[in-house]
Amino acid sequence: RCMKPGESVVVQEYLMRPMLIGKRKFDIRAFCLVASVQPPVVLIHEGMYLRRACEPFATGDLERRFPHLTNICVQKHHPRFGEDNVWDLAQLQAHLEQRGLGSLLAEKVLPAIHRVMATSIRAVLSSLSTARGCFQLLGFDLLLDDAGLVYLLEVNRNPDLEPHTRRLDGISPPSWRT
């Protein structure tokens, strides 16, 4: 179909080979705060966390939500939702080390996440609030494929900061770095 001038669309592709933890799909939630647009001041919160699906991943039935959508707002309705559905980066690092991929997080994944965040912020900076004293908190949802490549799923302008598990109490953004 032909697009009309000014029409907005979403273009997406489903990642069929995500990295799995215990046969379950996960994504990474990262935060940044845009403290100023002019001059640009962007703070990245280092406390990223993983959101794990409650059911094993399988490509045979893409209509089922629990194996495919890792958002807490979906997973919290599953009877097995609990502390194991949210991991911090130390748990991911331990998992990668067990698989012989100990350097993947520091050398490949985290730098890629920071590049994705910086590129995304530059792309939308002019559309963010320029009012003095205003800031914008953004939640980035990212996915890793089975080779450890980082993909941006979405950016949320009002990310959920609710501590759905005890682990989130210590991760949600109270500390920032520029």
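Before reading on, note that the structure itself is shown above.
Asks: Sorry if this is basic, but what is going on with the overall build of the protein here?
Replies: From N to C terminus, the protein includes four helices and six strands. Helices (α) and strands (β) of the protein occur, in sequence order from the N terminus, as β-β-β-α-β-α-α-β-β-α. A total of 178 residues make up the protein; the buried ones form 44% of that total. Contacts in the protein between residues far apart in sequence, at least 24 positions, make up 64% of those at least 6 positions apart.

Asks: What am I meant to see in the environment of leucine 128 here?
Replies: Tracing the sequence through the fold places leucine 128 in the loop between α3 (104–124) and β5 (136–144). Beyond its immediate chain neighbours, meaning those up to four positions away, leucine 128 contacts Val34, Val37, Gln136 and Arg157.

Asks: Whenever I open this one, the packing of aromatic side chains confuses me. Can you help?
Replies: The description of two aromatic rings rests on the distance between their centres and on the angle between their planes. In this structure the tally under the stated criterion is one aromatic pair. Pairing phenylalanine 31 with tyrosine 49 gives two aromatic rings, centres 6.3 Å apart and planes at 40 degrees, and the pair type is tilted. Taken together, the residues phenylalanine 31 in strand β2 (residues 24–36) and tyrosine 49 in strand β3 (residues 41–52) connect sequence positions 18 residues apart. Take phenylalanine 31: its relative accessible area is 0%, and that puts it in the buried class.

Asks: Please clarify how α3 should be interpreted in this entry.
Replies: Each full turn of the α-helix corresponds to 3.6 residues, which orients residues three or four apart in the same direction. In this model α3 runs 29 Å from its N-terminal to its C-terminal C-alpha over 21 residues, within 8% of the 30 Å that 1.5 Å per residue would give. Buried within α3 are the following residues: Leu104, Leu105, Val109, Leu110, Ala112, Ile113, His114, Val116, Met117, Ser120 and Ile121. Contacts made by the buried residues of α3 are with β2, β3, α2 (89–98), β5 and β6 (150–156).

Asks: Is there a simple way to think about unusual backbone geometry in this case?
Replies: Note: most peptide bonds trans; most residues except glycine with negative phi. That bond from glutamine 38 to proline 39 is cis: its omega, 0 degrees, falls within 30 degrees of zero. The residue proline 39 is located in the loop between β2 and β3 in this model. Even without being a glycine, lysine 23 presents a positive backbone phi close to 70 degrees. Along the chain, the position of lysine 23 falls in the loop between β1 (20–21) and β2.

Asks: How should I be thinking about the packing of α2 against α3 in this particular structure?
Replies: Any two packed helices are characterised by how steeply their axes cross, that is the angle between the axes, and by the distance between the axes. Running from amino to carboxyl end, α2 crosses α3 at an angle of 125 degrees, the nearest separation of the two axes being 11 Å. Taken as axis vectors, α2 and α3 run oblique relative to one another. Here Leu89, Leu92, Gln93 and Leu96 of α2 come into contact with α3, specifically with Leu104, Leu105 and Leu110.

Asks: I would appreciate a short explanation of the pairing of β3 in the present structure.
Replies: It is a general feature of regular strands that their side chains alternate between the two faces of the sheet. With nine of its 12 residues buried, β3 lies for the most part within the structure. With antiparallel pairing between neighbouring strands as the criterion, β2 and β3 make up a hairpin whose turn holds four residues. Examined bridge by bridge, β3 and strand β4 (residues 86–88) share three bridges and lie antiparallel to one another. Within β4, the position partnered with leucine 50 by the bridge is tryptophan 87.

Asks: I keep staring at α2 and nothing clicks. Help me out?
Replies: Where α2 is concerned, the buried positions are Leu89, Leu92, Gln93, His95 and Leu96. Along α2, the residues classed as buried sweep out an arc of 160 degrees about the axis, all on the same side. Along α2, exposed side chains directed more than 90 degrees from the buried face belong to Ala90 and Gln98. By the N-cap criterion, in which a side-chain oxygen at the helix start approaches the backbone nitrogen of a residue two or three places on, α2 is capped by aspartate 88, the distance to alanine 90 being 3.2 Å. Looking one or two residues beyond α2, the residue adopting positive phi is glycine 100, at roughly 75 degrees.

What counts, and where the lines are drawn
Residues numbered from 1 in each chain as written. Predicted model: local features only at pLDDT ≥ 70, side-chain atom pairs only at ≥ 80, totals over all residues. Heavy atoms only, no water. Helix = DSSP H or I, 4+ residues; strand = E, 2+ residues; numbered from the N terminus. Buried < 20%, exposed > 50% of the residue type's maximum accessible area, 1.4 Å probe, protein only. Contact = heavy atoms within 4.5 Å. Phe/Tyr/Trp six-rings, centres within 6.5 Å; stacked < 30°, edge-to-face > 60°. Expected span 1.5 Å × (residues − 1). Axes fitted to C-alpha atoms, helices over the stretch in contact; angles between N-to-C directions. Parallel < 35°, antiparallel > 145°, perpendicular 65-115°, else oblique. Pairing = 2+ DSSP bridges. Arc of directions from axis to C-beta. Polar contact = N/O pair within 3.5 Å; in protein donor to acceptor, adjacent residues only side chain to side chain.

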